[in-house]
Number of protein chains: 2
Amino acid sequence: MVRSIFLLSSSKVHGYEFLRHAQEELTTFLKRNSVKTILFVPYAKIAHDKYTETVSKALSPWGYKVEGIHVKKNPSDAIRSAEAIFIGGGNTFLLLKTLYDLNLVEVIRGAVLNNGIPYIGSSAGTNVATLSIHTTNDMPIVFPPTFDALKLVSFNINPHYLETDASKQHMGETRDERLNEFLEYQKRPVLGLREGTALIIYDDKVTLVGDRKAKLFKPECDPVEFDPPCDLSFLLKGN
Amino acid sequence: MVRSIFLLSSSKVHGYEFLRHAQEELTTFLKRNSVKTILFVPYAKIAHDKYTETVSKALSPWGYKVEGIHVKKNPSDAIRSAEAIFIGGGNTFLLLKTLYDLNLVEVIRGAVLNNGIPYIGSSAGTNVATLSIHTTNDMPIVFPPTFDALKLVSFNINPHYLETDASKQHMGETRDERLNEFLEYQKRPVLGLREGTALIIYDDKVTLVGDRKAKLFKPECDPVEFDPPCDLSFLLKGN
């Protein structure tokens, strides 16, 4: 299997311009794949033009052209002929529903896993790259036909991961409590990816990059923290 | 339509024992309906026995008997013959899926709306009492057949509502941003019900009770705050 996948926890990180925190690794990733033009998928938000412009403004100065899939006559053909695909953040339910509505799930999966088209995801775009969207933080504002996602990698991710304060006066569940509920029902691991971190996947090699640790939640184990840079390829092996 | 519905934001409130913050209004509600025994629905959590025991321990000292629906041979019959139904909090997706799996959605709806059986909901149990679970805060750990819920009331509620801090360094969406996403897509109002507050509904009269304000989000309007006690019956009238 030949795949090139870059999964960011978030596009925005405190103290940085949009995507700026990941510039070095992202440009290395794009150069390695000889990418000049990026097909952007803005379906996680309503304002497709505006969202595509934001991404274009961030990536143009780095030397990349950004095109929105929403202005393409045939989105499937656009995916198949893309130099690279970038799915941005927003609402994960809306994003996944739109991908199914437009019959793009299998097309993207084939493009990335069979034809090696590089995939970049951020936040909701990272959620949909995994097995399922069961570990999104978003509000379920629309109903997708399934929570099964692109399955570009064989595990789950929780983007924007952070420890929420259990000592505060609010009684709603903490993030860790929510992720433990997922473990109890789905019996499979989920990687908590903090803002400022990302996974880079080449074929079967998974590398954690960024400036913060990632936290792995596994059924019947205490969570484990990994310091970047770190090889997390075991995540693809059934763990 | 004769209905008696009590919807709590949460069972637990900082500084109070389980359900204790709502004792006065809850006992008034139960007495008015001559309830002695409550049928508890623990499906939002895994440990049904333990959860039922927690509720029983809270309500026994007030003079009420609590029976878990999970030990009943025929849950539908148990609903139909209940003196009152109480659906507790936990994971809203798990709760709604279980209600559909057991074919209880129409049974509960009929019991409450046609036969006047009193309904108490808390957190997830309040979410499922509304039009849909689109405004839950929970993680989608299981996939229900639809987000449509019991429709005991004709609007949406966001339990455990609170303003989350937009000034902090975390870049994930705030609660208000999430609720505004819901408004944009579903074009209908949602009531943010803070911990410590509840709605009491008799027939077509809706009263906000508790010690904090409730915040109504409406499409194309600024949010509005209501101080308890307050008549919110307009929420049932299409607003």
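Data block above holds the structure.
Residues numbered from 1 in each chain as written. Chains lettered and ligands numbered in written order. Predicted model: local features only at pLDDT ≥ 70, side-chain atom pairs only at ≥ 80, totals over all residues. Heavy atoms only, no water.

Undergrad: Account for the overall build of chain A, with residues named and values stated.
TA: Counting its regular elements, chain A contains 7 helices and 12 strands. A globule of 239 residues ought to have a C-alpha radius of gyration of about 18 Å, and chain A, at 17 Å, matches this closely. Across its three principal axes, chain A shows a C-alpha extent of roughly 50 × 35 × 35 Å. Relative to its full complement of 239 residues, chain A shows a buried share of 59%. Across chain A, every contact between residues at least 6 apart in sequence was considered, and the portion connecting residues at least 24 apart equals 68%. Where the 28 positive side-chain charges of chain A centre and where its 28 negative ones centre are 5 Å apart. (Helix = DSSP H or I, 4+ residues; strand = E, 2+ residues; numbered from the N terminus. Rg over C-alpha atoms; globule rule 2.2 N^0.38 Å. Buried < 20%, exposed > 50% of the residue type's maximum accessible area, 1.4 Å probe, protein only. Contact = heavy atoms within 4.5 Å. Lys, Arg positive; Asp, Glu negative; His and termini not counted. Charge placed at Lys NZ, Arg CZ, Asp CG, Glu CD.)

Undergrad: I'd love a proper account of the environment of Ser 10 of chain A, names of residues and values included.
TA: Residue and element names in this part refer to chain A. Among the secondary structure elements, Ser 10 is positioned in the loop between strand S1 (4–8) and helix H1 (23–32). Relative accessible area serves as the criterion here: at 1%, Ser 10 is assigned to the buried category. The spacing of Ser 10 and Glu 195 is 185 residues in sequence and 5.6 Å in space, taken between C-alpha atoms. Setting aside its immediate chain neighbours within four residues, Ser 10 contacts His 21, Ser 122, Ser 123, His 160, Glu 195 and Gly 196. Among the polar contacts made by the side chain of Ser 10, one reaches the main-chain carbonyl oxygen of Lys 12 at a distance of 2.8 Å. (Polar contact = N/O pair within 3.5 Å; in protein donor to acceptor, adjacent residues only side chain to side chain.)

Undergrad: For the interface of chain A and chain B, give the residues involved together with the corresponding values.
TA: Contact with chain A, which involves 41 residues of that partner, is made by 41 residues of chain B. At the boundary of chain A with chain B, the tally comes to 2 salt bridges. In this structure, the salt-bridge partner of Asp 138 of chain B is Arg 178 of chain A, at a minimum N-O distance of 3.7 Å. Linking chain A to chain B there are 15 residue pairs in polar contact (both at pLDDT 80 or more). Elements that contribute at least two residues to the side of chain A that touches chain B include exactly helix H4 (92–101), strand S6 (156–161) and helix H7 (175–186) of chain A. No other element matches H7 of chain A, which puts 8 residues into the side of chain A that touches chain B. (Salt bridge = Lys/Arg side-chain N within 4 Å of Asp/Glu carboxyl O.)

Undergrad: Can you lay out the pairing of strand S8 (residues 197–202) of chain A for me, pointing to particular residues and giving the numbers?
TA: Residue and element names in this part refer to chain A. Burial within S8 is extensive, with 6 of its 6 residues counted as buried. In S8, alternate side chains face the same way, and those of Thr 197, Leu 199 and Ile 201 on one face and Ala 198, Ile 200 and Tyr 202 on the other are all buried. Bridge analysis of S8 against strand S9 (residues 205–210) gives 6 bridges, and the strand direction is antiparallel. When the bridges of S9 are listed, Tyr 202 appears paired with Lys 205. In textbook terms, the turn of a hairpin is the stretch between consecutive antiparallel strands, and for S8 and S9 this stretch comprises 2 residues, one of which, Asp 203, has a positive phi near 55 degrees. (Pairing = 2+ DSSP bridges.)

Undergrad: Describe the pattern of salt bridges, with residues and values.
TA: Residue and element names in this part refer to chain B. By the definition in use, this model includes 30 salt bridges over all chains. Glu 173 is the salt-bridge partner of Arg 178, the closest N and O atoms lying 3.9 Å from each other. For Arg 178, a relative accessible area of 13% translates into the label buried. On the basis of relative accessibility, which here comes to 22%, the residue Glu 173 falls in the partly exposed class. Measuring nitrogen to oxygen at the nearest pair gives 3.0 Å for the salt bridge that ties Asp 176 to Lys 215. Of this pair, Asp 176 sits in helix H7 (residues 175–186) while Lys 215 sits in strand S10 (residues 214–217), and the two are 39 residues apart along the sequence. Using a relative accessible area of 18% as the deciding quantity, one classes Asp 176 as buried.

Undergrad: With reference to specific residues and values, describe the relation of the copies chain A and chain B.
TA: Of the two same-sequence chains, chain A is brought onto chain B (RMSD 0.0 Å, axial shift 0.0 Å) by a rotation of 180 degrees. Considering both components of the superposition, the chain copies are consistent with a two-fold axis. The residues that chain A uses at the interface reappear at the interface of chain B in 100% of cases, marking a shared surface. (Least-squares fit on C-alpha atoms with pLDDT ≥ 70 in both.)

Undergrad: Can you tell me about the environment of Ser 34 of chain A, naming the residues and giving the values?
TA: Among the structural elements, Ser 34 of chain A can be located in the loop between H1 and strand S2 (37–41). It is 10.0 Å that separates the C-alpha atoms of Ser 34 of chain A and Pro 118 of chain A, two residues lying 84 residues apart in sequence.

Undergrad: Summarise the side chain of Thr 52 of chain A; cite the residues concerned and give the values.
TA: Residues and elements named next belong to chain A. Mapped onto the elements of the fold, Thr 52 is located in helix H2 (residues 48–59). Assessed through its relative accessible area of 7%, Thr 52 is described here as buried. A distance of 2.7 Å separates a polar atom in the side chain of Thr 52 from the backbone oxygen of His 48. When sequence neighbours within four positions are dropped, the list of residues in contact with Thr 52 reads Phe 40, Pro 42, Val 66, Glu 67, Gly 68 and His 70.

Undergrad: Provide a residue-level description of the sheet that holds strand S7 (residues 190–194) of chain B, including the pertinent values.
TA: Residue and element names in this part refer to chain B. A sheet is described by the order of its strands in space; here 4 strands give the open sequence S6-S7-S10-S11, paired in mixed fashion. Lying at the two open borders of the sheet, with one neighbouring strand each, are strand S6 (156–161) and strand S11 (224–226). When strand polarity is set aside, the average angle formed by the axes of neighbouring strands in this sheet is 25 degrees. Of the strand pairs in this sheet, S7 and S10 are connected by 4 bridges, and their pairing is antiparallel. Bridged to Gly 192 within S10 is Lys 215. Contacts from H7 reach S6, S7 and S10, with the element oriented near 175 degrees to S6. (Axes fitted to C-alpha atoms, helices over the stretch in contact; angles between N-to-C directions.)

Honestly, it's all geometry; don't read function into it.
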